[in-house]
Amino acid sequence: MAFLEIQDLRKAFPGQTEPVFEHIRFAIEKGEFVCIIGHSGCGKTTILNVLAGLDTASGGTVIMDGREVAGPSLERGVVFQGHALMPWLSVMRNIAFAAKSKWPDWNEARVQAHCQKFIDMVGLSGAEHKKPAQLSGGMKQRVGIARAFAIQPKMLLLDEPFGALDALTRGTIQDELVKIVRATQQTVFMITHDVDEAILLADKILLMSNGPRAVIAEIVENTLPRDRARHSMHHDPQYYRIRNHLVDFLINRSKLYSGSTEAPRVVRPGLEEGPAASGEAPTVAAARIVNLRH
Amino acid sequence: MATHRLWLRSAALSLLFFVLLVGAWHLATLPKAEVQGANDEYAKLMGKGARKAEGFPTPAAIAAAAWQQLSDPFYDRGPNDKGIGIQLGHSLARVGLGYLLAMLFAIPLGFVIGMSPLMYRALDPYIQILKPISPLAWMPLALYTIKDSSISGIFVIFICSVWPMLINTAFGVAAVRRDWLNVARTLEVKPLRRAFQVILPAAAPTILTGMRISMGIAWLVIVAAEMLVGGTGVGYFVWNEWNNLNLTNVIFAILVIGVVGMLLDLAIGRLQKLVTYVE
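Just so it is clear, the model here is predicted, and its values are computed rather than measured. Along each chain, residue indices are assigned from 1 in the same order as the chain's sequence is written. Numbering of ligands from 1 and lettering of chains from A proceed in the order in which they are written. Residues qualify for local features only when their pLDDT is at least 70, as the model is predicted, and side-chain atom pairs are given and counted only at 80 or more; totals for whole chains, interfaces and linings, by contrast, use all residues.

(A) Just the overall build of chain A, in detail. In terms of helices and strands, chain A carries 8 helices and 11 strands. A compact globule built from 294 residues would reach a C-alpha radius of gyration of about 19 Å, and chain A, at 19 Å, matches this within 12%. Projected onto the principal axes, the alpha-carbon positions of chain A cover approximately 60 × 45 × 35 Å. Intrachain contacts of chain A at a sequence separation of at least 6 include 73% that bridge at least 24 residues. Numbering of helices and strands starts at the N terminus; helices are DSSP runs of H or I of at least 4 residues and strands are runs of E of at least 2. Radius of gyration here is computed from C-alpha atoms only, and the compact-globule reference equals 2.2 Å multiplied by the residue count raised to the power 0.38. Placing a C-beta atom from the backbone of each residue, one calls two residues in contact when those atoms lie within 7 Å.

So, in structure tokens, the structure goes:
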């Protein structure tokens, strides 16, 4: 059994006839980095909230490490879309708040030393005593990441953590996240709208169809070498095959799967026959449109 | 530089207004030529001694009275003649006690109302009806049940300062950002720690705003309440001096009430600044 198993997850909001998503099933192995991509409104955030225990599904089960997920837990760290730092606490105190939740018996010195490690890790040394309002958007999100890592969870859930950042900042933090995740062997589930971000970070990319009755249509395996880097990745022809496949899905095929009951197809673009193998030029242009939209 | 100059100019203008106001007041209250001589005895018999000049007191008379009162603020010569310091002390003690009781009642209850939409809806009609009642309307009821005028004063302060604190606390608690509560949930924060370390600091600026409004109202109400129940306090002082036809002391007391009210507001304003955060 995989580390995290999602079986037949379904969510219907009260007053709506059709469920937002249904038949959601996928698995995440320990140490795997999984991204989920889909259009707005397909229920990605709801799935993440169910995994976090902040929301409940209308049906189906989530099993992590052999136990069913019921309610929030310190075993799963969450990085929120809007960083969700407490503005009255300094950087250090924000992270210490999390650390003290996990280890209530630790004394102040131990908590501080522990938090300092994670502040250094995200490159915020020197900003420990600043309040969130004094930090840039990128720095705030680093604090959010440090806070999630500081409780050393079994799994990390990231809800579009870089969505509000400018492209340059996003790039730098992505690089740092790659470094940290590879060093810590962290299991990660992340929502993103950015195709390049998914290819850089993820081992597996879940493609979600449009809602209502959204499903996981395909599971794309990232066949690029694991030591890929943002600055060289685009020289690999394989990168474009994956990218085109993702963009093609988002633009042309994401509406075709609504209500499908089949298990998601596992796809390795470029290494087997797939729908994206044909017609590269138009999808490159389409990729630009996708990037502009987000 | 520019702000510095603005500060200087506004101060100069304030001073000018002060001089104009006091000047106009002085001119308007200049003593008229008094008939001296034969009628002196008669005037004395009628209680129109030289000390109690007729008409509205001049600024100089106020200044003299203020000097006299402030140089010996704590004298006590019987129930109808106490120094302004003692009277202020009584008023402040009543306000302080009533206000403290209101805090102890309103802030926890506001927490409950803010956290529970059910309680909010259930208690809302009561709050809406009780809130607009003038606190002095409670006075007869308070006097009848408590049977002590001083404690009744405290009760009136309690009842008038409770509403803004209650409503603001409930509002502040209900408006705490979902994100922060979710952070607390994912960290499995216990309810008490969540209340004190997440909700309280998040709602503190709103709660302090309510406390500031309450203090303003309490200070307005105490004067009226003390006029009604009598005995001690600045309100009683004002009324007593009016009965003595000593307008000089009445005006002095009015100024004191204003200054103390401002200081109370400033103090809570400081506190408010301490707990305010920038998002």
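(B) Representation of the overall build of chain B within the structure. Scanning chain B from terminus to terminus reveals 11 helices and 0 strands. Moving toward the C terminus, one meets the helices and strands of chain B in the order α-α-α-α-α-α-α-α-α-α-α. The C-alpha atoms of chain B give 25 Å as radius of gyration, which overshoots the globular expectation for 279 residues (19 Å, by more than 25%). Oriented by its inertia axes, the alpha-carbon framework of chain B measures out at about 90 × 60 × 30 Å. Whether a residue is buried, exposed or partly exposed follows from its count of other C-beta atoms within 10 Å of its own C-beta, namely 20 or more, 12 or fewer, or something in between, respectively; the C-beta atoms are built from the backbone. Burial analysis of chain B (279 residues in total) assigns 31% to the buried set. Looking at chain B alone, contacts between residues at least 24 apart form 72% of all its contacts between residues at least 6 apart.

(C) Main features of the interface of chain B and chain A. With 13 residues of chain B at the contact, the number on the chain A side is 16 residues. In terms of residues, the side of chain B that touches chain A owes the most to one element, helix 8 (residues 178-186) of chain B, which gives 6 residues.

(D) Main features of the pairing of strand 3 (residues 33-37) of chain A. Residue and element names in this part refer to chain A. Summarising burial for strand 3: 5 of the 5 residues are buried, a large majority. The alternating pattern of strand 3 places Phe33, Cys35 and Ile37 on one face and Val34 and Ile36 on the opposite face, and all of these are buried. Relative to strand 8 (residues 187-191), strand 3 is paired through 4 bridges, and the arrangement is parallel. Among the inter-strand pairings, Phe33 is bridged to a residue of strand 8, identified as Val188. The rule for pairing is simple: two strands pair if DSSP sees at least two bridges between them.

(E) The arrangement of the packing of helix 9 (residues 191-229) of chain B against helix 10 (residues 234-243) of chain B in detail. Residues and elements named next belong to chain B. Relative orientation of the contacting elements helix 9 and helix 10 amounts to 55°, with a least axis distance of 6 Å. With respect to helix 10, the axis of helix 9 lies oblique. For the element pair helix 9 and helix 10, the recorded crossing hand is right-handed. Residues Ile222, Val223, Ala224, Ala225, Glu226 and Met227 of helix 9 form the contact with helix 10, whose own contacting residues are Val234, Gly235, Tyr236, Val238 and Trp239. Only Asp, Glu, Lys and Arg are considered charged, only Ala, Val, Leu, Ile, Met, Phe, Trp, Tyr, Cys and Pro nonpolar, and every remaining residue, Gly among them, polar. For the contact of helix 9 with helix 10, the residue count by class is 9 nonpolar, 1 polar and 1 charged. Axis lines are fitted through C-alpha atoms, for helices just across the contact stretch, and the angle between N-to-C directions can take any value from 0 to 180 degrees. Note that the term roughly parallel is reserved for angles under 35 degrees, roughly antiparallel for angles over 145, roughly perpendicular for angles of 65 to 115, and oblique for everything else. In this scheme the handedness of a crossing depends on how the near helix is turned from the far one: anticlockwise by less than a right angle means left-handed, clockwise means right-handed.

(F) Structural view of the sheet that holds strand 4 (residues 59-64) of chain A. All names here are of chain A. Taken together, 4 strands build an open sheet; the order of strands is 2-1-4-5 and the sheet is antiparallel. One side of each edge strand has no neighbouring strand; the edge strands of this open sheet are strand 2 (21-28) and strand 5 (67-68). Relative to strand 4, strand 1 (residues 4-11) runs antiparallel, the two sharing 5 bridges. Paired with Glu5 across the bridge in strand 4 is Ile63.

(G) Representation of the pairing of strand 8 of chain A. Residues and elements named next belong to chain A. Of all the 5 residues making up strand 8, 5 are buried; the element is thus mostly covered by neighbouring parts of the structure. By the alternation rule, side chains of strand 8 split into Thr187, Phe189 and Ile191 and Val188 and Met190, which are all buried. By convention, orient the strands away from the viewer: a clockwise path from the first strand over the helix to the second makes the crossover right-handed. Read from strand 7 (residues 155-159) through helix 5 (residues 167-184) to strand 8, the crossover connection turns out right-handed.

(H) View of the sheet that holds strand 9 (residues 204-208) of chain A. Residue and element names in this part refer to chain A. An order of 6-7-8-3-9-10-11 is seen for the 7 strands of this open sheet, with the pairing classed as mixed. Taken across any chain shown, the strands that pair with only one partner, and hence form the sheet edges, are strand 6 (76-79) and strand 11 (265-267). Strand-to-strand, the axes of this sheet are offset by a mean angle of 20°, without reference to chain direction. Pairing analysis gives 5 bridges linking strand 7 to strand 8, with the strands arranged parallel.

(I) Representation of the nonpolar core. Put simply, a nonpolar core is a cluster of buried Ala, Val, Leu, Ile, Met, Phe, Trp, Tyr and Cys residues tied together by C-beta atoms within 7 Å. By size, the foremost hydrophobic cluster in this structure holds 140 residues, and its most contacted members are Ile95(A), Ala146(A), Leu246(A) and Ile157(B). The leading source of residues in this core is helix 9 of chain B, at 16 residues. Among all residues touching Ala146(A), those that are not within four sequence positions of it are Ile95(A), Phe118(A), Ile119(A), Met121(A), Val122(A) and Leu124(A).

(J) Molecular detail of the packing of helix 6 (residues 139-146) of chain B against helix 7 (residues 149-174) of chain B. Residues and elements named next belong to chain B. Relative to each other, helix 6 and helix 7 sit at 135°, their axes nearing to 9 Å. One element, helix 6, and the other, helix 7, form an angle in the oblique class. As helix 6 runs across helix 7, the sense of the crossing is right-handed. Contacts from Met139, Ala142, Leu143 and Ile146 of helix 6 reach helix 7 at Ser149, Ile151, Ser152, Phe155 and Val156. Of the residues that constitute the contact of helix 6 with helix 7, the class distribution is 7 nonpolar, 2 polar and no charged.

(K) Focus on the environment of Arg228(A). Residues and elements named next belong to chain A. Along the polypeptide, Arg228 turns up in the loop between strand 10 (216-221) and helix 7 (237-253). Exposure remark for Arg228: the 18 C-beta atoms within 10 Å place this residue in the partly exposed category. Residues contacting Arg228, with those up to four places away along its chain left out, are Leu200 and Met233.

(L) Structural context of unusual backbone geometry. A positive phi angle, near 55°, is found at Asp8(A), a position not held by glycine. Structurally, Asp8(A) can be placed in strand 1. With a phi close to 60°, Lys147(B) is a non-glycine residue in the positive phi region. On the secondary structure map, Lys147(B) appears in the loop between helix 6 and helix 7.

(M) Quick peek at the confidence of the model for chain A. Residues and elements named next belong to chain A. Each residue gets a pLDDT score, which is the predictor's confidence in that residue and runs from 0 to 100. Per-residue confidence for chain A gives a mean pLDDT of 87, with 92% of residues at or over 70. Between the elements of chain A, mean pLDDT differs from a low of 47, seen in helix 8 (residues 280-293), to a high of 96, seen in helix 2 (residues 91-102). Scored below 50 in pLDDT, residues 274-289 shows 19 contacts in the model against residues more than four places distant or in partner chains.

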